[in-house]
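Results of the structural survey
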Amino acid sequence: MDNELFAEAILGCDAEDFIQSDIGKYLIGCAEQEAQEAMYQLKTVYPWRRRKITELQNKIYRAESIQSWLAELVIKGKQALQQIDDN
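Conventions and cut-offs
- Residues numbered from 1 in each chain as written.
- Predicted model: local features only at pLDDT ≥ 70, side-chain atom pairs only at ≥ 80, totals over all residues.
- Heavy atoms only, no water.
- Helix = DSSP H or I, 4+ residues; strand = E, 2+ residues; numbered from the N terminus.
- Rg over C-alpha atoms; globule rule 2.2 N^0.38 Å.
- Buried < 20%, exposed > 50% of the residue type's maximum accessible area, 1.4 Å probe, protein only.
- Contact = heavy atoms within 4.5 Å.
- Areas by Shrake-Rupley, 256 points an atom, 1.4 Å probe, with all protein chains shown as cover.
- Axes fitted to C-alpha atoms, helices over the stretch in contact; angles between N-to-C directions.
- Parallel < 35°, antiparallel > 145°, perpendicular 65-115°, else oblique.
- Left-handed = near helix turned anticlockwise from the far one by under 90°.
- Nonpolar A, V, L, I, M, F, W, Y, C, P; charged D, E, K, R; others polar.
- pLDDT = per-residue confidence, 0-100.
- Expected span 1.5 Å × (residues − 1).
- Core = buried A, V, L, I, M, F, W, Y, C linked by side-chain atoms within 4.5 Å.

1. Topic: the overall build of the protein chain
Looking only at helices and strands, one finds three helices and zero strands in the protein chain. When the helices and strands of the protein chain are listed from N to C terminus, the series reads α-α-α. For 87 residues, the compact-globule estimate of 2.2 N^0.38 gives 12 Å, and the protein chain exceeds it by more than 25% at 18 Å. By principal-axis analysis of the C-alpha atoms, the protein chain measures approximately 60 × 25 × 15 Å. Residues classed as buried in the protein chain amount to 22% of the 87 residues present. Across the protein chain, the fraction of contacts at a sequence separation of at least 24, relative to all contacts at a separation of at least 6, is 63%. A total of about 6900 Å² of accessible surface is found on the protein chain, and carbon and sulfur atoms cover 54% of it.

2. Considering the packing of helix H1 (residues 2-20) against helix H3 (residues 50-86)
Axis separation between H1 and H3 bottoms out at 7 Å; the angle between their running directions is 135 degrees. Classified by the interaxial angle, the pair formed by H1 and H3 is oblique. The element H1 and its partner H3 pack so that their crossing is left-handed. Across the interface between the two elements, Leu5, Phe6, Glu8, Ala9, Leu11, Gly12, Cys13, Ala15, Glu16, Phe18 and Ile19 of H1 pack against Leu70, Leu73, Val74, Lys76, Gly77, Lys78, Ala80, Leu81, Gln83 and Ile84 of H3. Among the residues making up the contact of H1 with H3, the classes are represented as 14 nonpolar, three polar and four charged.

3. Overview of the confidence of the model for the protein chain
Of all residues in the protein chain, 99% have pLDDT values of 70 or greater, and the mean over the chain is 94. Across the protein chain, element-level confidence peaks in helix H2 (residues 22-44) with a mean pLDDT of 96 and bottoms out in H1 with 92.

4. Things to note about the packing of H1 against H2
Two measures define how a pair of helices packs: the angle their axes make with one another and the distance between the axes. At a closest axis distance of 4 Å, the pairing of H1 and H2 adopts a crossing angle of 75 degrees. The angle between the axes of H1 and H2 places the two elements in the roughly perpendicular class. Here Phe18, Ile19 and Gln20 of H1 lie close against H2, whose contacting residues are Asp22, Ile23, Gly24, Lys25, Leu27 and Ile28. A class-by-class count of the residues in the contact of H1 with H2 yields five nonpolar, two polar and two charged.

5. With respect to H3
Spanning 37 residues, H3 covers 52 Å between terminal C-alpha atoms, matching the ideal 54 Å at 1.5 Å per step. Of the residues making up H3, those classed as buried are Ile53, Leu56, Ile60, Ala63, Ser65, Leu70, Val74, Gly77 and Ala80. The inward-facing, buried residues of H3 contact H1 and H2.

6. Thoughts on the nonpolar core
Ranked by size, the top nonpolar core spans five residues in total: Ala38, Val45, Ile53, Leu56 and Ile60. Element by element, the count of residues in this core is highest for H3, at three residues. When sequence neighbours within four positions are dropped, the list of residues in contact with Ala38 reads Leu56, Lys59 and Ile60.

Below you can see the structure in the form of structure tokens.
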């Protein structure tokens, strides 16, 4: 169990470092921009263009998923660190 906690803590720290890195900031910025552009297009697309709507929804989902996965890693890492400290 301790090995899992240490692994989660390390992964969380790595995720935080990645988010703060130039590459991480760039990728997060690209994801945010893509989601914003897709959201704008989704607001203006004709309702009968089902494939286009699905494509735009998928772009938004993918961009938001990347951000939530990284946030999840950070949160789990902090929780693991807290559990390690409590033991």
